[in-house]
Number of protein chains: 2
Amino acid sequence: MFRVKAPLAKKVQLVAMMGKPENNGYSALAKEPYDMTQDQDGFWSVTTAPPGPGYYEYTFLIDGVVTMDLGSTTTFSGDHETSHIEVPAQEPTFYDVQNVPHGDVRQHGYHSDITGKWRRALVYTPPEYDANPTRRYPVLYLQHGGTQNETSWLTGGKANFILDNLIAAGQAVPMLVVMDNGSTFPPGLTRLPDPPPPDNPFERVMVNEIVPMVDATYRTAPHREHRAMAGLSMGSHQTLQIALAHLDVFSHIGVFSPAPTAFDVHTIYGGVLANAAAINRQVRLFWWGAGTAEVAIYEGVKYRLARLDEVGVKYVFREWPGLAHEWRLWRRSLHDLASRLFR
Amino acid sequence: MFRVKAPLAKKVQLVAMMGKPENNGYSALAKEPYDMTQDQDGFWSVTTAPPGPGYYEYTFLIDGVVTMDLGSTTTFSGDHETSHIEVPAQEPTFYDVQNVPHGDVRQHGYHSDITGKWRRALVYTPPEYDANPTRRYPVLYLQHGGTQNETSWLTGGKANFILDNLIAAGQAVPMLVVMDNGSTFPPGLTRLPDPPPPDNPFERVMVNEIVPMVDATYRTAPHREHRAMAGLSMGSHQTLQIALAHLDVFSHIGVFSPAPTAFDVHTIYGGVLANAAAINRQVRLFWWGAGTAEVAIYEGVKYRLARLDEVGVKYVFREWPGLAHEWRLWRRSLHDLASRLFR
């Protein structure tokens, strides 16, 4: 049940990515909100269908103004701060904080000469990192989706707790996870123009600035064999574009919920997929995932994988029945991917 | 100039801690907001007096509903998310990110048996920390104010950049800064009741859980001589209560903008201030600060310091003309305090 006080309002609605699978698309605002009803004390309320455990974003639309809930915290999504709640599972599950050793998440500031701006990377270090001052670790570069930012894999994704739990159970290799902002603007801009400029600098920032900075700052194993890149939605396209263009830098690739695009397997990504023998040798893991309820994306992934089959490119595919374009899916995606990395 | 679109609203106001010094008290909502005027396109706007450089929180009050600005980010203040902006100085100043080595801020999760909850500490490590794997560092425990949380000293306070700049200039000893949540609830509660229970567990959490956790997790110099505690407003009262009751744990004390309270120098804090010789020996730095525009607080500090003079307790006092109960003051307070710690 959602409830908000707005005694003078004429119309109040809940815009929520929960209980309505069709609302779990790219933009909740483009979908049908819930109408709320007012009581005599000026409170508006609505009770949604019971959601499963997980993370849900929502806002109130009060006489047309997008309004955050003072009773919960916000996250950056939809290109602005958005309210969210976590519906707990009955028992602590793979993404919950549990009684296991915890890695730190470090905020690291650095200057980007390419964009002319100060940036920050959020870097998960595994629990044992400080206790083994000579050991070097592999690195997963993990990207958010469109209208999100570098914090999203923590608030929405719970990436740090997923890694803590996997590592404690011996189900993942201890690794660093680097989360940085993929909505990177050219110098002088504070937002990406629409449409984005053709020379969006994130590829160069990732390869020429972020990876060298991480290798210089943390005890990484600085070699392609020990680097993975993965991302969700917009971040999955960036992953494909960047990792496949820089196979001297990355060897493991994770593609979560990519939007449908044209896909000529012989020409896309510089044509590297056409040489299956080379790709299968260089890409140690080519992981794809989608939920069956993000229908166009799911069908688009199946289409691409059929093309990869035709040329003989190997991959791993995981699908999740009933899940849409949302964090419940991407938490499961990271959990499965991370368990297979650097093996 | 503040501007927000609300075509259907009858009345829109700006609640802002800027341009109106009298609004920089405990609660901006209790003070006079700015009325905004509507144009024919449904936008409401108001132009405030020009504020000086610094950090300012604000919200829109749209037909009585507290509304965040979609055009800026939020911080936790007033017990809920609140919009804020940073007005830059003409030249980068002591709290701005500059071209100097940067320490990391680490988010560290740990379990509190006292509260029965998982907590997180935010820990600034100085730039050289990872490069000197055997060196041990002193620690400043730095507390936020009421209705804020452990993130406030970063978003509002820019504590990490203040330390970066001081350390780079050789004006501060490299140190860790630990920021944790002082609004600590007893088990079973998710908010502090009003009035707070007499056994607010934060003192025990700080002394029995946070300090030992930090000493076990980071390369600290684990001795009273190398520990400081400081805080602003509510956090300054917690600092006085906790540090003066645990002089075996802390040796440096920073008191920023404490609200006026009864102050019998012979009996308060267990009477420890009455023995000036002992206090002057044990407290290596007893730092007090206030702004002249937070009038009652300023007068209350002067009153207490006069009492300390009477019994011969030594202290350092810094006052800032024209500054009120706000981050411009507390950034300056931290800057001055940190330059004097552990000397």
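Owing to the predicted nature of the structure, the values given are computational and were not obtained by experimental measurement.

(A) View of the relation of the copies chain A and chain B. Rotating chain A by 180° and moving it 0.0 Å along the rotation axis overlays it on chain B with an RMSD of 0.0 Å. When the rotation and shift are considered jointly, the pair of chain copies conforms to a two-fold rotation axis. Identified as the residue of chain A closest to the rotation axis by C-alpha distance is Arg106 of chain A, at 2.1 Å. A high fraction, 100%, of the interface residues of chain A reappear at the interface in chain B, so the copies pair face to face through one surface.

(B) Geometry of the sheet that holds strand β5 (residues 43-46) of chain B. Residues and elements named next belong to chain B. An order of β1-β5-β4 is seen for the three strands of this open sheet, with the pairing classed as antiparallel. What marks the edges here is a single partner per strand, and that holds for β1 (2-5) and β4 (37-38). Where β1 meets β5, four bridges bridge the pair, whose relative direction is antiparallel. When the bridges of β5 are listed, Val4 appears paired with Trp44.

(C) Region of the structure containing the environment of Tyr56 of chain B. All names here are of chain B. Within the fold, Tyr56 resides in strand β6 (residues 54-62). By relative accessible area, Tyr56 is classed as buried at 2%. In this structure the C-alpha to C-alpha distance between Tyr56 and Pro127, which are 71 residues apart in sequence, comes to 28 Å. A distance of 2.5 Å separates the side chain of Tyr56 from the backbone oxygen of Gly52, its partner in a polar contact.

(D) Main features of helix α7 (residues 327-340) of chain B. All names here are of chain B. Under the 1.5 Å per step criterion, the end-to-end length of α7 is 20 Å for 14 residues, consistent within 8% with the ideal 20 Å. The buried fraction of α7 amounts to 10 of the 14 residues, a majority that puts the element mostly inside the structure. Among all positions in α7, only Trp327, Arg328, Leu329, Trp330, Arg331, Ser333, Leu334, Asp336, Leu337 and Ala338 are buried. In the segment just after α7, Phe342 is the residue with positive phi, at about 60°.

(E) Representation of the pattern of salt bridges. For the structure on display, the rule yields 28 salt bridges over all chains. Note that Arg106 of chain A and Asp130 of chain B form a salt bridge whose closest N and O atoms lie 3.2 Å from each other. Taken together, the residues span two chains, with Arg106 of chain A in strand β10 (residues 104-112) and Asp130 of chain B in the loop between β11 (117-125) and β12 (139-143). Classification of Arg106 of chain A by relative accessible area gives buried; the value is 0%. A relative accessible area of 33% means that Asp130 of chain B is categorised as partly exposed. A salt bridge links Arg307 of chain B to Glu310 of chain B, with the shortest nitrogen-to-oxygen separation between them at 2.7 Å. Residue Arg307 of chain B and its partner Glu310 of chain B are located together in helix α6 (residues 295-311), separated by three residues, close to a single helical turn. By relative accessible area, which is 57% here, Glu310 of chain B ends up exposed.

(F) Local environment of the interface of chain A and chain B. With 32 residues of chain A in contact, the opposing surface of chain B contributes 32 residues. Interface of chain A and chain B: buried area, both sides summed, is about 2,800 Å²; carbon and sulfur atoms make up 59% of it. If you sort the residues of chain A by the area they bury against chain B, Leu70, Gln107 and Trp118 of chain A come out on top, with a joint share of 21%. Run the count over chain A and chain B and you get two salt bridges. In this assembly, chain A and chain B are joined by 11 residue pairs in polar contact (both at pLDDT 80 or more). Where the side of chain A that touches chain B is concerned, the elements lending two or more residues are β7 (65-67), β8 (73-77), β9 (80-87) and β10 of chain A. Considering each element in turn, the side of chain A that touches chain B owes the most residues, six residues, to β10 of chain A. In terms of residue class, the side of chain A that touches chain B is made up of 11 nonpolar, 14 polar and seven charged. Pairing analysis gives three bridges linking β10 of chain A to strand β10 (residues 104-112) of chain B, with the strands arranged antiparallel. The residue bridging Gln107 of chain A from the neighbouring strand is Val105 of chain B, located in β10 of chain B.

(G) Representation of the confidence of the model for chain A. Residues and elements named next belong to chain A. Chain-level pLDDT for chain A is 91 on average; 93% of the residues reach the 70-or-more range. Long-range and interchain partners of residues 26-30, a stretch whose pLDDT sits below 50, account for nine contacts in this model, where long-range means more than four residues apart. Across the interface, the model reports ipTM at 0.90; the global pTM reads 0.93.

(H) Region of the structure containing the sheet that holds strand β5 (residues 43-46) of chain A. Residues and elements named next belong to chain A. The antiparallel open sheet is built from three strands, whose spatial order is β1-β5-β4. The open sheet has two edge strands with one neighbour each: β1 (2-5) and β4 (37-38). Pairing analysis gives two bridges linking β4 to β5, with the strands arranged antiparallel. Looking at the pairing, Gln38 lines up with Trp44 of β5.

(I) Here's a closer look at the side chain of Arg119 of chain B. Residue and element names in this part refer to chain B. Mapped onto the elements, Arg119 comes out in strand β11. Exposure remark for Arg119: the relative accessible area of 11% places this residue in the buried category. Of note is the side chain of Arg119, whose polar atom sits 2.8 Å from the backbone oxygen of Asn181. Apart from residues no more than four positions distant in its own chain, Arg119 is found in contact with His108, Gly109, Tyr110, Ser112, Asp180, Asn181, Thr184, Phe202, Val205 and Ile210.

(J) Structural detail: the packing of helix α3 (residues 202-217) of chain A against helix α4 (residues 234-245) of chain A. Residues and elements named next belong to chain A. Put simply, α3 and α4 touch, their axes get as near as 10 Å, and they point 50° apart. Relative to α4, α3 is oriented oblique. Considering the relative orientation of α3 and α4, their crossing is right-handed. Listed contacts from α4 to Phe202, Glu203, Met206 and Val207 of α3 are Gln238, Ile242 and Ala245. Grouping the constituent residues of the contact of α3 with α4 by class yields five nonpolar, one polar and one charged.

Conventions adopted
Residues numbered from 1 in each chain as written. Chains lettered and ligands numbered in written order. Predicted model: local features only at pLDDT ≥ 70, side-chain atom pairs only at ≥ 80, totals over all residues. Heavy atoms only, no water. Least-squares fit on C-alpha atoms with pLDDT ≥ 70 in both. Contact = heavy atoms within 4.5 Å. Pairing = 2+ DSSP bridges. Helix = DSSP H or I, 4+ residues; strand = E, 2+ residues; numbered from the N terminus. Buried < 20%, exposed > 50% of the residue type's maximum accessible area, 1.4 Å probe, protein only. Polar contact = N/O pair within 3.5 Å; in protein donor to acceptor, adjacent residues only side chain to side chain. Expected span 1.5 Å × (residues − 1). Salt bridge = Lys/Arg side-chain N within 4 Å of Asp/Glu carboxyl O. Buried area = accessible area lost by both parts, 1.4 Å probe. Nonpolar A, V, L, I, M, F, W, Y, C, P; charged D, E, K, R; others polar. pLDDT = per-residue confidence, 0-100. Axes fitted to C-alpha atoms, helices over the stretch in contact; angles between N-to-C directions. Parallel < 35°, antiparallel > 145°, perpendicular 65-115°, else oblique. Left-handed = near helix turned anticlockwise from the far one by under 90°.

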